[in-house]
Amino acid sequence: MKPLRVLIVFSSSELGGAERSLTRMALASPAGIYQLATLDGEGPWCDWVRGQGSQPLVFGRRNGSRHGRLGMGAFVALLRHIRREGIQIVYVCGVRASLWLRLLKPFMPGVRLVHGIRWNPDSNSLLDRFFRVVERWLNGLVDLYITNSQVAAATLVRRCGISADKIRVIYNGLEELPTSVSPLVDRPLNVLTVANLNPRKGYLEYLVTIKN
């Protein structure tokens, strides 16, 4: 049986929570399964991956300091790599990158496309509305969705019309669980955020909830 080969593709080479958690998962897995790539040019994520002792694949080029711009040359390089390396699964993060890869599926025969959803796209922001339109009309071109929360999975079903059978929930992992944690009643009331302060993250709703 041919060994499984998975290519994890990020639309940007900035270093965010999704890039960190998925990269750590890949690096902790048996060698030879995962490859890590960006459709962007060189960026902080690339340097961080090299610092972990691995070599990222960089398919795009940056125009100055701007990041996240998806050029056709990056997709051509990606398709060539997929064919040359015998990639079986492409795990893509990013709405625009996922959209383009769906449209390019005829050039990736036999390759399964997995779309990683790392937030709950349930707000009225332009990004979330665009996401829901794309998924409602083109979810048939995606083989599997992976979310990191049950609420995001529910949104995909309820607002995007995606079958629950095509969705898997895999929570963000911890390298090790703390062994001694004080009970909540014995701790001061602190609010800790481990992601960027963006309205679509739901922090305002969270603060209102704990206040009440």
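Residues numbered from 1 in each chain as written. Predicted model: local features only at pLDDT ≥ 70, side-chain atom pairs only at ≥ 80, totals over all residues. Heavy atoms only, no water.

1. Digging into the side chain of Glu135
The test is simple: Every helix listed is a DSSP run of H or I at least four residues long, and every strand listed is a run of E at least two residues long, numbered separately from the N terminus. Three exposure classes are used, based on accessible area relative to the maximum for each residue type with a 1.4 Å probe and protein chains only: buried under 20%, partly exposed in between, and exposed over 50%. Polar contact criterion, stated in full: a pair of N or O atoms within 3.5 Å, where within protein one must be able to donate a hydrogen and the other to accept it, and residues adjacent in sequence count only if both atoms are side-chain atoms. Residues are treated as being in contact if the distance between any of their heavy atoms lies within 4.5 Å.
Counting through the fold element by element, Glu135 comes out in helix H5 (residues 126-138). Glu135 sits in the buried class, given a relative accessible area of 0%. Within polar-contact distance, the side chain of Glu135 engages the side chain of His115 at 3.5 Å. Ignoring sequence-local partners within four residues, the contact set of Glu135 consists of Arg102, His115, Tyr145, Cys160 and Ile162.

2. Some thoughts on the environment of Val142
With respect to the helices and strands, the residue Val142 is situated in the loop between H5 and strand S6 (144-147). Assessed through its relative accessible area of 2%, Val142 is described here as buried. In sequence terms Val142 and Lys166 are 24 residues apart; their C-alpha atoms lie 8.6 Å from each other. If near-sequence neighbours (up to four positions away) are discounted, Val142 is found in contact with Arg102, Leu113, His115 and Lys166.

3. Focus: the environment of Arg118
The topology assignment puts Arg118 in the loop between strand S5 (112-117) and H5. For the pair Arg118 and Ala18, spaced 100 residues apart in the sequence, the C-alpha separation amounts to 6.7 Å. Setting aside chain neighbours within four positions, we find Arg118 in contact with Ala18, Ser21, Leu22, Asn148 and Asn172. Side-chain polar atoms of Arg118 contact the side chain of Asn172, separated by 2.7 Å.

4. Considering the side chain of Thr38
Note that Thr38 resides in strand S2 (residues 34-38). Among the residues examined, Thr38 registers a relative accessible area of 0% and is labelled buried. Those residues in contact with Thr38 that sit more than four places away from it in its chain are Phe10, Ser11, Ser12, Ser13, Trp45, Cys46, Leu57, Val58, Phe59 and Gly60.

5. Re helix H1 (residues 17-28)
Inclusion rule: Helices are assigned an expected span. That span is 1.5 Å times one less than the residue count.
With 12 residues, H1 extends 17 Å from end C-alpha to end C-alpha; this agrees with the ideal 16 Å at 1.5 Å per step. Tucked inside the fold, the buried residues of H1 contact strand S1 (6-10), S2, helix H2 (44-51) and strand S4 (89-93).

6. A short note on the nonpolar core
As a reminder of what qualifies: In plain words, nonpolar cores are sets of buried Ala, Val, Leu, Ile, Met, Phe, Trp, Tyr and Cys residues tied together by side-chain atoms within 4.5 Å.
Counting residues in hydrophobic clusters, the biggest one holds 30 residues, and the most contacted among them are Leu39, Leu78, Ile82, Val90, Leu101 and Leu156. Counting residues per element, the ones that place at least two in this core are S1, helix H3 (72-85), S4, helix H4 (95-103), S5 and helix H6 (150-160). Sort the elements by how many residues they give to this core and H3 lands first, with 5 residues. What Leu101 contacts, discounting residues up to four positions off in sequence, is Phe75, Leu78, Val90, Val92, Met108 and Leu113.

Note that all results are geometric; they support no functional claim without further evidence.
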